[in-house]
Amino acid sequence: MREQVSRVRIIDSHTGGEPTRVVIAGGPALGGGPLSARLARFREEFDWFRSAVVNEPRGSDAVVGALLCEPEDPSCTAGVIFFNNVGYLGMCGHGTIGLLVTLKHLGRLKPGEHQIETPVGNVTARLHETGEVSVDNVESYRTGAGIGVDVPGHGLVTGDVAWGGNWFFLVNEHGMEISLENVERLTEFTWQIRQAITRAGIRGKNGEEIDHIELFGPSKIPGVNSRNFVLCPGKSYDRSPCGTGTCAKMACLYADGKLKEGAIWRQESIVGSVFEGSIKIQDGMRDGHVHPSIKGTAYIDAEGDLILDENDPFRFGITK
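Right, let's walk through the structure included here. (Residues numbered from 1 in each chain as written. Predicted model: local features only at pLDDT ≥ 70, side-chain atom pairs only at ≥ 80, totals over all residues. Heavy atoms only, no water.)

Focus on the overall build of the protein chain
- Each helix and strand in the protein chain was counted, giving 5 helices and 17 strands.
- Expected size for 320 residues packed as a compact globule is a radius of gyration near 20 Å; at 19 Å, the protein chain falls within 12% of this value.
- In terms of overall dimensions, the protein chain has C-alpha extents of about 50 × 45 × 35 Å along its principal axes.
- Here the protein chain, with 320 residues, has 56% of them falling under the buried criterion.
- Considering only contacts in the protein chain between residues 6 or more positions apart, those separated by 24 or more positions represent 63%.
- Measuring between centres, the 32 positive side-chain charges of the protein chain sit 1 Å from its 41 negative side-chain charges. (Helix = DSSP H or I, 4+ residues; strand = E, 2+ residues; numbered from the N terminus. Rg over C-alpha atoms; globule rule 2.2 N^0.38 Å. Buried < 20%, exposed > 50% of the residue type's maximum accessible area, 1.4 Å probe, protein only. Contact = heavy atoms within 4.5 Å. Lys, Arg positive; Asp, Glu negative; His and termini not counted. Charge placed at Lys NZ, Arg CZ, Asp CG, Glu CD.)

Given below as C-alpha cells:
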C-alpha cells in the first residue's frame, strides 16, 4: 500500500547549475540499519515517492533528490540517499555540496568538517567560511583502459571504465564540440555509447551497470584543465562538472601518470561552472586507487512543500 503522504517538505539548491532537492520532512519511513539496506527498501517499497519528488509535474529530468536520513554511524552529521528520475545513486558529489549548504541554511551545521553517511560509505565534507564545500569522496579507481566499442553511425569509440561513486565510461577522443549549442547531438551520441556498451557486455566491477557517460574536451577558461559533458542515467545531462565524474576522471589521470597527489585538477561543466579536484594516496590502498576530493559552491533557490493531492492523476509523477 502507498502511504497517503499529502505534503513533502523540501529545500531546493543548485550546485554549478545542477539542481538538488533535499527532502527534509514527509519522506517514507525506512527504519534503521545501514543506508544500503534502507536504499533497498526505498527502491522496493517506496519507489513511487522517488517519482513523485523528482519527476514531472513537480520536478524535471535534471533534478537529483536527496532524502535526509538519520545516520547509523553516530560520528556522522547526516545520512542521505540520492535518487533521480529513473532510479538511485550510490553517491552524488554535487548533491553532497547542495546538502551541506541546505543544512547550513537550516541552522543544523556550521563551517567545519562533517561526516555524511551514504549507501556506498561515509564521505567527509567541509563547509568553508567562504560558503564553498569540499567533499572527500569514496575511494575511486579505474577498472578498464582503452576499451573500444562499436557505436552505430560513429564507428569505434574508445574509453575508460572507472568508479567515482557511480560507474562511468569516459571518452577523450570523440570529435564532438562540447557546447550548449550542441547539447542535442551530444545527448544522442552519449546515449548511443551507453546502449553500445550495454550490448557489448561492458560493465563495472562485479557486473554493475555503467550508467554515466562522460566526454572531455578543452576549456577556454584560463587555468581550467578540461571541459566535460556528462550523460546521467535518465538521459539528462549534468549541468555541473559532475562530482563523481570528476573523481572518476582523476582516478584515470592518476593511473596514466598524468595527475600527482595534491595537484589541482580544474574541471569545467558544459554551462561554464568549475569544480576543483585533487587526490590523496593512503597507506594500504590497492594499486591505482585514490581518495579524491572536489570543491564547489551551491546556492539555495527555493523552499516549501510539495503537495500530493490524492485526486491528482499525476500525484506520483509522470513516468516513462
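Some thoughts on the environment of Ile294
- Along the chain, Ile294 turns up in strand 16 (residues 291-296).
- For Ile294, a relative accessible area of 2% translates into the label buried.
- Considered as a pair, Ile294 and Gln267 are 27 residues apart in the sequence and their alpha carbons are 9.7 Å apart.
- Dropping the residues within four chain positions of it, Ile294 is found in contact with Gly93, Ile97, Val133, Ser134, Val135, Gly243, Thr246, Cys247, Met250, Phe275, Glu276 and Gly277.

Here we look at unusual backbone geometry
- Across the junction of Glu56 and Pro57, the peptide omega takes the value 10°, indicating a cis bond.
- Its place among the elements puts Pro57 in the loop between helix 2 (47-54) and strand 3 (64-69).
- With a phi angle near 60°, Asn206 is a residue other than glycine that sits in the positive phi range.
- Its location among the elements puts Asn206 in the loop between helix 4 (183-199) and strand 12 (212-217).
- Classification of Asn206 by relative accessible area gives exposed; the value is 73%.
- The phi angle at Lys235 is positive, at roughly 75°, despite the residue not being glycine.
- Position of Lys235 among the secondary structure elements: in the loop between strand 13 (226-231) and helix 5 (243-255).

Focus: the side chain of Ser51
- Inspection of the secondary structure assignment puts Ser51 in helix 2.
- Ignoring anything within four residues of it in the chain, the contact list for Ser51 reads Phe316, Gly317 and Thr319.

Here we look at the nonpolar core
- Ranked by internal contacts, the top residues of the largest apolar core, which has 59 residues, are Phe169 and Ile193.
- Among the elements that take part in this core, helix 4 stands out by supplying 6 residues, more than any other.
- Other than its neighbours up to four places away in sequence, Phe169 contacts Ile147, Val149, Thr158, Gly159, Asp160, Val161, Ile193, Ile197, Ile210, His212, Ile213 and Glu214.
- Of all hydrophobic cores here, the second largest spans 22 residues; its members include Val8, Ile10, Val23 and Leu39. (Core = buried A, V, L, I, M, F, W, Y, C linked by side-chain atoms within 4.5 Å.)

Topic: the environment of Asp47
- Residue placement: Asp47 occurs in helix 2.
- Between the C-alpha atom of Asp47 and that of Val86, which follows or precedes it by 39 residues, the distance is 9.7 Å.
- The residues contacting Asp47, other than those within four sequence positions of it, are Phe42 and Tyr88.
- In terms of polar contacts, Asp47 uses its side chain to reach the side chain of Tyr88, at 2.8 Å. (Polar contact = N/O pair within 3.5 Å; in protein donor to acceptor, adjacent residues only side chain to side chain.)

Concerning the pairing of strand 7 (residues 121-127)
- Taken together, the 7 bridges between strand 6 (residues 112-118) and strand 7 define a ladder with antiparallel strand orientation. Note on strand 7: the bridge partner recorded for Glu113 is Arg126.
- Where strand 6 folds back on strand 7, the antiparallel hairpin that results is connected by 2 residues.
- With 4 bridges joining them, strand 7 and strand 8 (residues 133-136) adopt antiparallel strand pairing. By the bridge assignment, Arg126 is partnered in strand 8 with Ser134.
- The turn linking strand 7 back onto strand 8 is made up of 5 residues, and Gly131 within it adopts a positive phi angle of 95°. (Pairing = 2+ DSSP bridges.)

What about the pattern of salt bridges?
- In total, this model carries 15 salt bridges according to the counting rule given.
- Note that Asp305 is salt-bridged to Arg9, the shortest N-O span being 3.1 Å. Residue Asp305 is found in strand 17 (residues 298-307), and its partner Arg9 is found in strand 1 (residues 7-15); the two are separated by 296 residues along the sequence.
- In this structure Asp305 comes out as partly exposed when scored by relative accessible area, which is 33%.
- For Arg9, a relative accessible area of 34% puts it in the partly exposed group.
- When the shortest N-O distance is used, the salt bridge between Arg50 and Asp47 registers 2.8 Å. Residue Arg50 and its partner Asp47 are located together in helix 2, separated by 3 residues, close to a single helical turn.
- Taking the relative accessible area as the measure of exposure, Arg50 reaches 5% and is therefore buried.
- Through salt bridges that share partners, Arg7, Arg9 and Asp305 make up one connected network. (Salt bridge = Lys/Arg side-chain N within 4 Å of Asp/Glu carboxyl O.)

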